[in-house]
Amino acid sequence: MNERVRRWIEAVSLLDRRFIFVAIAVAVVAPLLVPIGLPLRTSREAQALYDRVESLPERAVVVLGFDYDPSSMPELAPMTRAILDHLFRKNLRVIALTNYAQTGPIAERQLVEIAARFGRRPGVDFVNLGYKAGNETVILAVANDFRSAYPVDHRGIPTDSLPVMAGVHTWKDASLLIDIAHGATTDQYVRIAGARFGLPVGAGCTAVSIPRYYSYLQSGQLVGLLGGLQGAAEYERFIRKPGFASAGMDAQSMAHLAILILVAAGNAAFFLSRRR
Amino acid sequence: MKKELPIILCVVSGWIVLLDFFIPKPVIGTLSRAIVDWTLILSAASFVMGGMSVFAVNLARVRRRDSGARYRVVVLVCLAGMAGLGILGGIGEGTAYNWIFQNVQVPMESTMFSLLAFFIASAAFRAFRMRNAQATVLLLTAAVVMLGNVPLGGAIWSGLPSLSSWLLGHPSLAAQRGLIVGAAVGATATALRLIVGVERGYLGLRQ
Amino acid sequence: MKARGWVFLFVAWPAPAFAQEAARTSAWFRPERLNVLIAMAVICGVVAFFLWRAQRDRHLFIRKITGLTALDEAIGRATEMGRPVLFVPGVMDVDRVETIAGMAILGEVARKTAQYAIPLEVPVRYPLAMTTAQEVVRSAYASAGRPDLFSPERIRFVTDNLFAFAAAVNGIMLRDRPAANLFLGEFYAESLIMAETGNTTGAIQIAGTAQAAQLPFFITACDYTLIGEELFAASAYLTRAPVLMGSVKGQDYAKVAIAAAIVAGVILEALGITAFREFLTVR
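Residues numbered from 1 in each chain as written. Chains lettered and ligands numbered in written order. Predicted model: local features only at pLDDT ≥ 70, side-chain atom pairs only at ≥ 80, totals over all residues.

Examining the overall build of chain C
Next up, step 1: The secondary structure content of chain C amounts to twelve helices and six strands.
Next up, step 2: C-alpha atoms of chain C, sized along the principal axes, occupy 65 × 60 × 45 Å.
Next up, step 3: Across the 283 residues that make up chain C, the buried fraction comes to 50%.
Next up, step 4: Long-range contacts, defined as pairs at least 24 residues apart, comprise 72% of the intrachain contacts of chain C with a sequence gap of at least 6. (Helix = DSSP H or I, 4+ residues; strand = E, 2+ residues; numbered from the N terminus. Buried ≥ 20, exposed ≤ 12 C-beta atoms within 10 Å, placed from the backbone. Contact = placed C-beta atoms within 7 Å.)

Regarding the nonpolar core
Next up, step 1: Membership of the largest hydrophobic core comes to 206 residues, with the highest contact counts inside it found for A:A96, C:V85 and C:A234.
Next up, step 2: Per-element tally for this core: the top contributor is helix α4 (residues 96-127) of chain B, with twelve residues.
Next up, step 3: When near neighbours in sequence (up to four residues on either side) are disregarded, A:A96 contacts A:L64, A:F66, A:A107, A:L111, A:F126, A:V127, A:N128 and A:L129. (Core = buried A, V, L, I, M, F, W, Y, C linked by C-beta atoms within 7 Å.)

Some points on the packing of helix α10 (residues 228-238) of chain A against helix α11 (residues 244-275) of chain A
All names here are of chain A.
Next up, step 1: Close contact between α10 and α11 brings their axes to 8 Å; oriented N to C, the two are set at 140°. Taken together, the axes of α10 and α11 lie oblique to each other. Read as a crossing pair, α10 and α11 show a hand that is left-handed. Within the contact between the two elements, α10 uses L229, Q230, A232, A233 and E236 and α11 uses A245, S246, G248, M249 and Q252.
Next up, step 2: Here the contact of α10 with α11 is composed, by residue class, of five nonpolar, four polar and one charged. (Axes fitted to C-alpha atoms, helices over the stretch in contact; angles between N-to-C directions. Parallel < 35°, antiparallel > 145°, perpendicular 65-115°, else oblique. Left-handed = near helix turned anticlockwise from the far one by under 90°. Nonpolar A, V, L, I, M, F, W, Y, C, P; charged D, E, K, R; others polar.)

Comments concerning the interface of chain C and chain B
Next up, step 1: Each partner contributes to the interface: chain C provides 68 residues, whereas chain B provides 55 residues.
Next up, step 2: The leading source of residues in the side of chain C that touches chain B is helix α6 (residues 127-143) of chain C, at ten residues.
Next up, step 3: The residue makeup of the side of chain C that touches chain B, split by class, is 44 nonpolar, 13 polar and eleven charged.

Overview of helix α8 (residues 171-195) of chain B
All names here are of chain B.
Next up, step 1: Compared with an ideal rise of 1.5 Å per residue, which puts 25 residues at 36 Å, α8 spans 36 Å between its outermost C-alpha atoms and is within 8% of the ideal.
Next up, step 2: When α8 is considered as a whole, its buried residues turn out to be G182, A183, V185, G186, A187, T188, A189, T190, L192 and R193.
Next up, step 3: Directly beyond the C-terminal end of α8, a positive phi value near 80° is found at G197. (Expected span 1.5 Å × (residues − 1).)

A closer look at the domain arrangement of chain A
Next up, step 1: Along its sequence, chain A is carved into domain 1 (2-34 + 251-275) and domain 2 (44-242).
Next up, step 2: Measuring from the centre of the C-alpha atoms in domain 1 of chain A to the corresponding centre in domain 2 of chain A gives 40 Å. (Domains from an automatic or database assignment.)

Section: the pairing of strand β6 (residues 224-227) of chain C
A regular strand carries its side chains on alternate faces of the sheet.
Residue and element names in this part refer to chain C.
Next up, step 1: In terms of strand pairing, strand β5 (residues 204-209) meets β6 through four bridges, oriented parallel. What sits directly across from I206, in β6, is Y224.
Next up, step 2: Traced from β5 through helix α9 (residues 215-221) to β6, the parallel crossover comes out right-handed. (Pairing = 2+ DSSP bridges. Right-handed = clockwise from strand over helix to strand, strands pointing away.)

Structure representation (structure tokens):
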């Protein structure tokens, strides 16, 4: 018995990290193949963002920041799609922009695909302003004028000639900004577009960044927040269109459980080895 | 002058943009906007320089047959190939550039991001040990938040998501705010040192 | 004549906007930003006072920052092993204060690697950060009396793509096996990917960032971590320049002022007086 315990402690203590990787892979893939159907609960912050969009009048202007690159697409694209679905369904004007060089085509593809479902037209109902180098400086530049910061859109069409941009010159002319980001851009939008120009800012972020945005939520500087795949699944539920995020929640649950089991096993071995 | 000029530029630009925040005078606004626009132009132009640097550094190392030269050949071929495709065929929907971007670049980057899940698991396994009372509290809190943030938590106990939300919104947030205030003051002091010209480390100069 | 031409270009270019705005406003101050001005005056006033005081009192005390003390250990280990030192000054451009703080530490690290003649690898994510880092390292090598050892190829722009950059840094760690990995600047989700890979190579790792969400990752995977403001205090700590030490001292007193404002705000809110909170709201 003692020998078995000793061996077990050794095995767990010296566990090869590749074993951990396999365990996580199994925990993620298995529920995707065989869904469990765990019930989803919605959060106040996700509900607040949905309600804010819902309260906007028809043709109001919403700026949508596609501030993630291809790496974070699996986590952030589902919430982008759910939000776009809601925006186009409500016939709101969408101005998309990005602070990431690679994201122009990604934004374009998502905009075109979802807009087509509702018969919304480029240049009239939405515009993809694309990428502009400069990070925070671009946000400051838009504070002066959209047109000077973005003379042409992603397709090379002069911004000034687009009906969707009619009457939109600075942050003040928009009704809501939703930044879907995996980096620092949301803080910048809160600081400049929100604090200085009074534009309500909502956000979508990766799960790992959720705690950092709670301070903005509590202070009212963020009107709502979608966190990771869970946030996307919640939004899919609000718009009554279960999609990739809803399907992925079982996988996320199992991955979290697998990590906790591994940590528990590691601690059990740790305690047994200390007692011995 | 080579050393003084960057400091003068930094100090003057910093003050103009700062004053623009408080003073609505057209002359300051105009200068501030000009600085912002010049920064945008410089940022965009710097990527050309960056591309040239990538090409030059890797080419030199391939020529010298340094270790890892084969990887550098891959970099050079991809760099030239994608640039060529983009310049000759455009980057819009339906182009070869776009196809490679959507079907090669996007999955490769997503793969890199997904490594995070595996690394979080291995780091958590190594680090989360109940060595003392504080570490035990840390582990238990982490368990509550991890479970509370996914549907499984609600299925185990309906109060878990609320408890997780409370932990994130109160104790965790209080600590984070402390960190943020400290960091913000540190950043403000560094910015002040920059715009009065006493911080010179970023120019490689000793104080 | 030449200089006048430049002035003309700078001012005349945005002339229409100038005229437009001239008609719009003639005020000298935005009253809605008085709160920011007061907060800034208090914080900057305290810092500036200590900057001034530091000129006379050159014996200001800063507590020991273990992560920075360990820099010598890390560089010493790299020297013993004859392996390079890897320095990542964050993943953002030079418009971020954390990057500037990272660059200041880079100068001190480069001075030491030059003295011990060990290679220093500095991959960066933005071209402007590359030129800044090159200048910092070049100057450091020159001041250490070893300009011959400076190789601009080692301070290189890799890509602006976050995770491709992380992959490249991982590649350097796995192929070149640096003895010390220093991650000092602004980091995001890639922090754990880089730090965990460095952990597997057995390198001594020192990290520092003001990004609260990334600190747990660095603390878990690195040997030493500079938390938040310690990163901004680094240049003062390493150079011991009185003027910088003074500003760090000023930071501490500024924090006391903020803490006092928080306590006052809590008490006033509890009493139902909302004027203080309303005054502090940024518009």
